[in-house]
Amino acid sequence: MSKKFNITCDQATTICDKSQYGEVSFLDVIRLKFHFLYCKICGKYSSQNSKMTQVYKMKAEDCKKQIHCLSTEEKVQLKRELQELQELEA
Amino acid sequence: MSETFKKHTLNPDKWIDNYADYLFNYAVTRVNNSDTAKDLVQETFFAGLKSAKNFEGKAAERTWLVAILKRKIIDHYRKINSNKGKAEVRMSFYDDGDKEGNWIEERVPQSWQNEADKMIESTELKSTIEQCIDKLPEKYAIVFRMKTIQEFETEEICKELNITASNLWVIIHRARTQLRKCMEDNWFNN
């Protein structure tokens, strides 16, 4: 029984990372909880990991607001190059 | 009963006005570098022009161009992948000897100081995260950004980057472990 639930810190923190995206199986959640019973370091990692997720979410929200566009000069240049190629292809 | 399909046509003279910004935005969110994105958009238009004779009109013009751009992005990722010898800051956090899979003693997570204050949204915080992400090996940074910052589905990333789901989770785990440490050193305990 315990063999089935015994995982290394590397495995525990991998599950912990996956859980931040809600993509972890029920069995893995049990394995993780079991690991936390005797590993305080991974417990600390887990709590800090949730905080890091909050920070990443701030960053994600920020990125969503940005729209990237080419400048007018870049478009003019691109148009010119495309036209040259069209003439060559014709 | 006969079905009528609208046959799409290509109009390269209007490509830049109609699709340059859309394609550029699409590329820059995936490669996170405006110069690379610009090059990819240019290559996409050139490739589109060269293969215009093969356009069957089944897909809309933009969909067809995006498909070309996707292939260009995958080629770009593959090029990064095969970039051997490039200096990468890839730190190991777990023992691979007798205590395989356990934390390496000097790399265990440390307690963070003034945690609540440090969690307040600020330009400095965002710029420190950006710097930490930039320190990751490029492939880790791409996968991490797509999954965490751009919030793409796992399946979509795997398809676009031609990697397996387990491969993706290994990369995400390594990236997050490295980022946690970087933020600990440069933000929380700085």
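Just above sits the structure.
Source: prediction; values computed, not measured. (Residues numbered from 1 in each chain as written. Chains lettered and ligands numbered in written order. Predicted model: local features only at pLDDT ≥ 70, side-chain atom pairs only at ≥ 80, totals over all residues. Heavy atoms only, no water.)

A. Up close: the overall build of chain A. A count of helical and extended segments in chain A gives five helices and zero strands. Taking 12 Å as the expected radius of gyration for a compact globule of 90 residues, we find that chain A reaches 25 Å, considerably beyond that expectation. With the C-alpha coordinates aligned to their principal axes, the bounding extent of chain A is approximately 75 × 30 × 20 Å. Residues counted as buried form 37% of the 90 residues belonging to chain A. When contacts within chain A are restricted to residue pairs at least 6 apart in sequence, long-range pairs at least 24 apart make up 65% of them. When the accessible surface of chain A is split by element, carbon and sulfur atoms take 56% of a total near 5500 Å². Seen as two clouds, the 15 positive and the 12 negative side-chain charges of chain A have centres 19 Å apart. (Helix = DSSP H or I, 4+ residues; strand = E, 2+ residues; numbered from the N terminus. Rg over C-alpha atoms; globule rule 2.2 N^0.38 Å. Buried < 20%, exposed > 50% of the residue type's maximum accessible area, 1.4 Å probe, protein only. Contact = heavy atoms within 4.5 Å. Areas by Shrake-Rupley, 256 points an atom, 1.4 Å probe, with all protein chains shown as cover. Lys, Arg positive; Asp, Glu negative; His and termini not counted. Charge placed at Lys NZ, Arg CZ, Asp CG, Glu CD.)

B. Structural context of the overall build of chain B. What chain B contains, in helices and strands, is eight helices and zero strands. Secondary structure elements in chain B, listed N-terminal to C-terminal, are α-α-α-α-α-α-α-α. On C-alpha atoms alone, chain B measures out to a radius of gyration of 21 Å, which is more than a quarter above the 16 Å that the 2.2 N^0.38 rule sets for 190 residues. Along the longest, intermediate and shortest principal axes, the C-alpha atoms of chain B span 70 × 40 × 40 Å. Relative to all contacts within chain B whose residues are 6 or more apart in sequence, the contacts with residues 24 or more apart total 69%. Entry remark: accessible area of chain B is about 10700 Å², with carbon and sulfur atoms responsible for 45%.

C. Quick look at the pattern of salt bridges. The full count for this structure, using the stated rule, is 19 salt bridges over all chains. With its nearest N and O atoms 2.7 Å apart, the salt bridge here joins Asp-21 of chain B to Lys-75 of chain A. Highlighted residues: Asp-21 of chain B in helix H1 (residues 15–31) and Lys-75 of chain A in helix H5 (residues 72–89), drawn from two different chains. The exposure class assigned to Asp-21 of chain B is partly exposed, which follows from its relative accessible area of 23%. Between Arg-30 of chain B and Glu-160 of chain B there is a salt bridge, with the nearest N and O atoms lying 3.4 Å from each other. In this pair, Arg-30 of chain B is assigned in helix H1 and Glu-160 of chain B in helix H7 (residues 154–161), connecting sequence segments 130 residues apart. The buried category is assigned to Glu-160 of chain B, whose relative accessible area is 6%. (Salt bridge = Lys/Arg side-chain N within 4 Å of Asp/Glu carboxyl O.)

D. Structural detail: the interface of chain B and chain A. On the side of chain A, 41 residues touch chain B, which itself brings 51 residues to the contact. Around 4600 Å² of area is buried between chain B and chain A when both sides are counted, 66% of it from carbon and sulfur atoms. When the area that chain B buries against chain A is broken down by residue, the three leading residues are Ile-16, Trp-169 and Arg-176 of chain B, summing to 15%. Joining chain B to chain A, the criterion identifies nine salt bridges. (Buried area = accessible area lost by both parts, 1.4 Å probe.)

E. A look at the packing of aromatic side chains. All names here are of chain B. Scanning all chains against the criterion turns up 10 aromatic pairs over all chains. Relative to Trp-64, the ring of Trp-15 has its centre 6.4 Å away and its plane inclined at 50°; by these criteria the two rings are tilted. Residue Trp-15 is located in helix H1, and its partner Trp-64 is located in helix H3 (residues 61–81); the two are separated by 49 residues in the primary sequence. Across this residue pair, the class does not change: Trp-15 and Trp-64 are buried. By way of ring pairs, the aromatic residues Trp-15, Phe-45, Phe-55 and Trp-64 are connected into one cluster. Its guanidinium or amino end placed over the ring of Tyr-26, Arg-30 lies 3.5 Å from that ring's centre, counting from NZ or CZ. Above the plane of the ring of Trp-187 lies Lys-118, whose end atom (NZ or CZ) is 5.3 Å from the centre. (Phe/Tyr/Trp six-rings, centres within 6.5 Å; stacked < 30°, edge-to-face > 60°. Lys NZ or Arg CZ within 6 Å of the ring centre and 35° of its normal.)

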